[in-house]
Number of protein chains: 2
Amino acid sequence: MYIALDGMGGDYAPLCNIKGAIEFASETKIGVYLVGKKDILLQEIKKHNLSIEGLPIEIVDAPETIQMHESPSVALRKKRNSSMHIAGKLVREGKAQAFVSAGNTGAAMSIGKFVIGAAEGIERPGIAVAFPNKKGSRTVLIDVGANVDSRPRHLLYFAVMGHTYVKEILGTSDNPKIGILSIGEEEGKGNELVKDTYPLLKMTKLNFIGNAEGRDIFTGDFDVIVCDGFVGNVVLKTAESLGMIILEMIKEEVNKSLVSRIGAALMLPALKRFKKKADFTEYGGAPLLGTKGTCIITHGRADERAIKNALKFASEFVNHDFNTKLLENINNLIPPELLKSREEEFSGAFNGQ
Amino acid sequence: MYIALDGMGGDYAPLCNIKGAIEFASETKIGVYLVGKKDILLQEIKKHNLSIEGLPIEIVDAPETIQMHESPSVALRKKRNSSMHIAGKLVREGKAQAFVSAGNTGAAMSIGKFVIGAAEGIERPGIAVAFPNKKGSRTVLIDVGANVDSRPRHLLYFAVMGHTYVKEILGTSDNPKIGILSIGEEEGKGNELVKDTYPLLKMTKLNFIGNAEGRDIFTGDFDVIVCDGFVGNVVLKTAESLGMIILEMIKEEVNKSLVSRIGAALMLPALKRFKKKADFTEYGGAPLLGTKGTCIITHGRADERAIKNALKFASEFVNHDFNTKLLENINNLIPPELLKSREEEFSGAFNGQ
């Protein structure tokens, strides 16, 4: 197995990317293509007394780099020699089985969708995020931004992707409880997309239990909640931001008195444990499910441990043969009449975009 | 001025509703129609040694009550003699200037939209919630659930409603910064609705500063963020739930050690201050903007203080002549060519629903 790592993506690249790759390759003996500006990568390795000798790490030169503010089209069309684009191509060509990037999320998503491409049986890949929930388990929200203006059939496929992710990778349920994000519990509540998707989900062999509300992302009553990528992305960014702001507001209040400050000092270990639990980005990153190879997009703040975790996470998808399982699930869980209509509808979907 | 209070709506009704009305009327001398089962209301007043004598409170009999689980259509069509429906009618008939309910939110919204009805110049009322933000001010999100599948023109009107709310009622800005909720900062990012609304907002005299992301609900960079009610409702419920769950998780972690518990005890006053700051429902409730009278929907958990706050909040809209200002703003801030096309588009919108 080889994983193509975008060596230049992320706030702490390339040093943390190099270190993460070295730790990962030493521990697992799994191969890593470290993609980036070759001279800079070699220079950093030397400067920090690191070594890749004897490790299954191969440096692949990529003269360009995608900046955080650049648009996906730059990554796709203008900078075809960027670390991200070349890492994606290694997967498309079958030289690597997985792609990992901590760079520009929008660009990485486009590389996954258009350079690596959709897996067999899938029209639109979807990004999944596993939120920690009240029951100590995780709730997967899919899609959190790979698509906007999704159609009912896309949500149907997101549900199967989420099911497969929970069952094969997270291992938190054998028969994941699936919901669709809406604004009321009862069938019939929601917007047009929800009303049109609900009957399709009911037709599948998925463990579909109905509408989920915003609060259900954290209740633990659902293992997977599907939604359009616009809504999912807004929810993800709201939740990330609110989590941080609550901690900041608590800090501010605490600083107002000495007694509170002493209290906070005593609480520190508990707060740290909590922060770790609540950090959605602790879990190696978010997989873009439904691409030809594994595609993991991790946070820009990724340090060496996060890069190592992302590489490990990617290797699990390969080890569990995720895409084969996904295709099996599509064929087993979606009734044939819905599978058949695929081609016609999708030509319509792309015209209508 | 008279405010029609749903006397039977909310977890602590009717006692807290009665107490809230008494405190409000004593303090402000503003009239309250206390609507509900007359015998029960009188009985409660007697039982708790309360008195409405000499206060501008009038009990209006309503033999039916809307339960929390009942659908909006029950409130609208089946139980026309419910406290909520009759309170709404008092506003429609001009006997009261404002409506306040802590009951079933969906039902109260329908009473606002269809019994009280849209204000002059408005096709679709929208619910606004004022989130506390990082800059110590508030950010208004509108619509958080009065409509789904909104069209660009609806969002345009929500923007003017939000502008008027911030300027006239919250008083946090003279020239509110308006944004549209999307999944990227740059113009051109978003779903179809956002892309179609953006140019309309640019044509207005509003202080429109572009796309806002989920995180911007809390950054304080925007005074008003407009969105479709489906997205807004999901965001609101996610945020409310996450806030509570973070506090619970902190509590759980803290309980794991004695030292942490001592720390927490010392931090308690700070945590309480924080909780108050972060409680979106502290602010009297959420106004359904754009109805003929003022319409305030407050939380089901409303106690007597919250009911009193909701009544005060409602009276501010009346005192500031909110609907007149709103109509002025519509005519002054929206260019005439967009106002003109209203009728045609709306016949289309309602057919398409």
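Thresholds applied
Each chain carries its own residue numbering, running from 1 in the direction its sequence is written. The lettering of chains begins at A and the numbering of ligands begins at 1, in the order of writing. Reporting of local features is limited, given that this is a predicted model, to residues whose pLDDT is at least 70; pairs of side-chain atoms are given and counted only at 80 or more, and all residues count toward the totals for whole chains, interfaces and linings. Every helix listed is a DSSP run of H or I at least four residues long, and every strand listed is a run of E at least two residues long, numbered separately from the N terminus. The size measure is the radius of gyration over C-alpha atoms, and the globule rule it meets is 2.2 Å times the number of residues to the 0.38 power. Any residue whose C-beta has 12 or fewer other C-beta atoms within 10 Å is treated as exposed, any with 20 or more as buried, and any in between as partly exposed, C-beta atoms being built from the backbone. C-beta atoms are placed from the backbone for every residue, and two residues are taken to be in contact when these atoms lie within 7 Å. Copy-to-copy alignment: least squares on C-alpha atoms, limited to residues at pLDDT 70 or above in both. Classification used: nonpolar for Ala, Val, Leu, Ile, Met, Phe, Trp, Tyr, Cys and Pro, charged for Asp, Glu, Lys and Arg, polar for all others including Gly. The axes used here are C-alpha line fits, helices contributing only the stretch in contact, and every angle between their N-to-C directions lies in the interval 0 to 180 degrees. For this classification, under 35 degrees means roughly parallel, over 145 means roughly antiparallel, 65 to 115 means roughly perpendicular, and everything else is oblique. Left-handed describes a crossing in which the near helix is turned anticlockwise from the far one by less than a right angle; the clockwise case is right-handed. What counts as a domain boundary in this text is fixed by an automatic or database domain assignment. Strands qualify as paired when DSSP identifies two bridges or more between them. Look down the strands so they point away from you; if the path from the first strand over the helix to the second goes clockwise, the crossover is right-handed.

A look at the overall build of chain A
Scanning chain A from N- to C-terminus turns up 14 helices and eleven strands. Since a compact globule built from 353 residues should have a radius of gyration of about 20 Å, the 21 Å found for chain A is in line with a globular shape. Here chain A, with 353 residues, has 54% of them falling under the buried criterion. Contacts spanning at least 24 positions in sequence make up 73% of the contacts within chain A whose residues lie at least 6 apart.

Structural notes on the relation of the copies chain A and chain B
Expressed as a screw transformation, the operator carrying chain A onto chain B has a rotation angle of 180° and an axial translation of 0.0 Å, and the superposed copies differ by an RMSD of 0.1 Å. Look at the turn and shift together and you get a two-fold axis relating the two. Distance from the rotation axis, computed per C-alpha, reaches its smallest value in chain A at A:Gly263: 1.8 Å. Comparing interface residues between copies, 98% of those in chain A also lie at the interface in chain B; the contact surface is shared.

Examining the interface of chain A and chain B
Every contact between the two is made by 51 residues of chain A and, on the other side, 51 residues of chain B. Breaking the side of chain A that touches chain B down by element, the ones donating at least two residues are helix H8 (216–219), helix H9 (229–254) and helix H10 (258–278) of chain A. Looking at the side of chain A that touches chain B, the element that brings in the most residues is H9(A), giving 19 residues. Within the side of chain A that touches chain B, the residues separate by chemical class into 28 nonpolar, twelve polar and eleven charged.

Notes on the packing of helix H4 (residues 83–92) of chain A against helix H5 (residues 105–116) of chain A
Residue and element names in this part refer to chain A. Relative to each other, H4 and H5 sit at 30°, their axes nearing to 9 Å. When the axes of H4 and H5 are compared, the pair comes out roughly parallel. The crossing of H4 and H5 is right-handed. Where H4 approaches H5, its residues Met 84, His 85, Gly 88, Lys 89, Val 91 and Arg 92 are matched on the opposing element by Ala 107, Ala 108, Ile 111, Val 115 and Ile 116. By residue class, the composition of the contact of H4 with H5 is seven nonpolar, two polar and two charged.

Description of the domain arrangement of chain A
All names here are of chain A. When its domains are assigned, chain A resolves into domain 1 (2–117 + 291–320) and domain 2 (126–281 + 340–353). Each of domain 1 and domain 2 has a C-alpha centre, and these two points are 26 Å apart. Where the side of domain 1 that touches domain 2 is concerned, the elements lending two or more residues are H5 and helix H11 (304–319). Within the side of domain 1 that touches domain 2, the residues separate by chemical class into three nonpolar, two polar and two charged.

Here we look at the pairing of strand S3 (residues 57–61) of chain A
Residues and elements named next belong to chain A. Pairing of strand S2 (residues 31–36) with S3, which is carried by five bridges, proceeds in the parallel orientation. Looking at S3, one finds that Leu 34 is bridged to Ile 59. With helix H2 (residues 38–47) bridging S2 and the parallel S3, this β-α-β connection has right-handed handedness.

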